[in-house]
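Spelled out, the chains give:
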Amino acid sequence: AFAPPMEIKEQQVFTDYEQGMQYAKQTGKPVILNFTGYGCVNCRKMEQYVLADSSVQARLKDYVLITLYVDSRQDANANEIEDGMENSRRQRENYGSNAQPFYIQVDGQGNAVSEPCTFTTSPDKFLRWLE
């Protein structure tokens, strides 16, 4: 089933890397990249148990969120397939991982400024990662 990008109340979540990075530069906010997949069961669990948590949502307002799908739907058009391949390449080459969910805080040039956060169902663990 198609999973739409996770929503944070009253906050835009970007699904285009360049647009999200540009918005981060304009606002001066730090960036969280969320590498996810349409077929990623643990990604949906993390969205349900962690990212939907009101404390987590309140903290995420301080960030620009960029959700990057690494897979593509079979009925996707060519651009979506290319985007998925590019997102997967970006995760592997820049951050040394090919597993999802994979969250990483980056600076305005896309350089990691944190260790990654991977699958958890604990809002507290994710909040500690944000500190």
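The numbering scheme is per chain: residues are counted from 1 as the chain's sequence reads. Totals for whole chains, interfaces and linings use all residues, but because this is a predicted model, local features are given only for residues with pLDDT of at least 70 and pairs of side-chain atoms are given and counted only at 80 or more. To obtain the side-chain values, all non-hydrogen atoms of the structure were used and water was disregarded.

Draft legend 1. Local environment of a negative patch on the surface. To count toward a patch, a residue needs a relative accessible area above 30% and no salt bridge. Like charges then connect within 9 Å, nonpolar side chains (Val, Leu, Ile, Met, Phe, Trp, Tyr) within 5 Å. To be clear on the numbers: accessible area is Shrake-Rupley with a 1.4 Å probe, and residue cover counts the displayed protein chains and nothing else. Salt bridge criterion: a side-chain nitrogen from Lys or Arg within 4 Å of a carboxyl oxygen from Asp or Glu. In this charge count, Lys and Arg are treated as positive and Asp and Glu as negative; neither His nor the chain ends contribute. Where a charge lies is defined by one atom per residue type: Lys uses NZ, Arg uses CZ, Asp uses CG and Glu uses CD. A cluster of acidic residues, D16, E18, E82 and D83, forms a negative patch on the protein surface. Considering the arrangement of structural elements, one finds E18 in helix α1 (residues 17-27). On the accessibility criterion, E18 (53% relative accessible area) is exposed. Secondary structure elements are defined from DSSP: runs of H or I of at least 4 residues count as helices, runs of E of at least 2 residues count as strands, and each element is numbered from the N terminus. Throughout this description, buried means an accessible area under 20% of the type-specific maximum (1.4 Å probe, protein chains only), exposed means over 50%, and partly exposed covers the range between.

Draft legend 2. Up close: unusual backbone geometry. Each neighbour pair has its own omega, and for Q100 with P101 the value is 0°, a cis peptide bond. Looking at the secondary structure, you find P101 in the loop between α4 (78-95) and β4 (102-106).

Draft legend 3. Examining α1 more closely. Among all positions in α1, only Y17, G20, M21 and A24 are buried. Taken down its axis, α1 places every buried residue within 95° of arc, on the same side. α1 presents E18, Q19, Q22 and Q26 as exposed residues on the side facing more than 90 degrees away from its buried surface. Here a polar contact is taken to be a pair of N or O atoms separated by no more than 3.5 Å, where protein atoms must pair a possible hydrogen donor with a possible acceptor and residues adjacent in sequence count only if both atoms sit in side chains. Where α1 begins, one side-chain oxygen reaches toward the backbone nitrogen of E18, 3.1 Å away; that side chain belongs to D16. Looking one or two residues beyond α1, the residue adopting positive phi is G28, at roughly 75°. Throughout, the arc means the angular range of directions from the helix axis out to the C-beta atoms.

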